[in-house]
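Reading the structure
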Amino acid sequence: MNTELFVLFRRNFPFVVREEFTVRSILENRECKIIEKRNEQNRLIGAAVVHNNTVLMLYVDKEYRNRGIGSELLSEAEHVIREAGY
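Worth saying up front: this structure is predicted, and the values here are computed from it rather than measured.

The rules behind these values
- Residues numbered from 1 in each chain as written.
- Predicted model: local features only at pLDDT ≥ 70, side-chain atom pairs only at ≥ 80, totals over all residues.
- Heavy atoms only, no water.
- Helix = DSSP H or I, 4+ residues; strand = E, 2+ residues; numbered from the N terminus.
- Buried < 20%, exposed > 50% of the residue type's maximum accessible area, 1.4 Å probe, protein only.
- Polar contact = N/O pair within 3.5 Å; in protein donor to acceptor, adjacent residues only side chain to side chain.
- Phe/Tyr/Trp six-rings, centres within 6.5 Å; stacked < 30°, edge-to-face > 60°.

Further remarks concern the side chain of asparagine 12. Relative to the assigned elements, asparagine 12 resides in helix α1 (residues 2–12). We classify asparagine 12 as buried; its relative accessible area is 7%. Looking at asparagine 12, its side chain comes within polar contact range of the side chain of aspartate 61, at 2.9 Å. Reaching out from asparagine 12, the side chain makes a polar contact with the backbone nitrogen of lysine 62 at a distance of 2.8 Å.

With that out of the way, let us pick up the packing of aromatic side chains. Per the stated rule, a full pass over the model turns up 4 aromatic pairs. Seen from their ring centres, phenylalanine 9 and tyrosine 59 are 5.7 Å apart, and the 65° between their planes marks the pair as edge-to-face. Residue phenylalanine 9 is found in helix α1, and its partner tyrosine 59 is found in strand β3 (residues 54–60); the two are separated by 50 residues along the sequence. Across this residue pair, the class does not change: phenylalanine 9 and tyrosine 59 are buried. Ring centres 6.2 Å apart and planes at 85° place the aromatic pair phenylalanine 13 and tyrosine 59 in the edge-to-face group. Pair noted here: phenylalanine 13 is in the loop between α1 and α2 (20–28) and tyrosine 59 is in strand β3, with a separation of 46 residues, a long-range link. When its relative accessible area of 2% is taken as the criterion, tyrosine 59 is described as buried.

Structure, rendered in structure tokens:
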């Protein structure tokens, strides 16, 4: 799964200067909660990564933007943060 998340991140943020090691470290951190959104074909189209009270990453594949998916991910991330007591 982490490879799929990394590919989605790179595809949508090619201009972000963040080393692959850094991104993979975030995605593989067991303390992080990963929230995924998939399409009908089970293809990953968006994700949010939460660590403690911080949303470290939140992204939606370009072709799926402006459909409320990012808002759903943010809402779920906020819920995770509240449930953790923050």
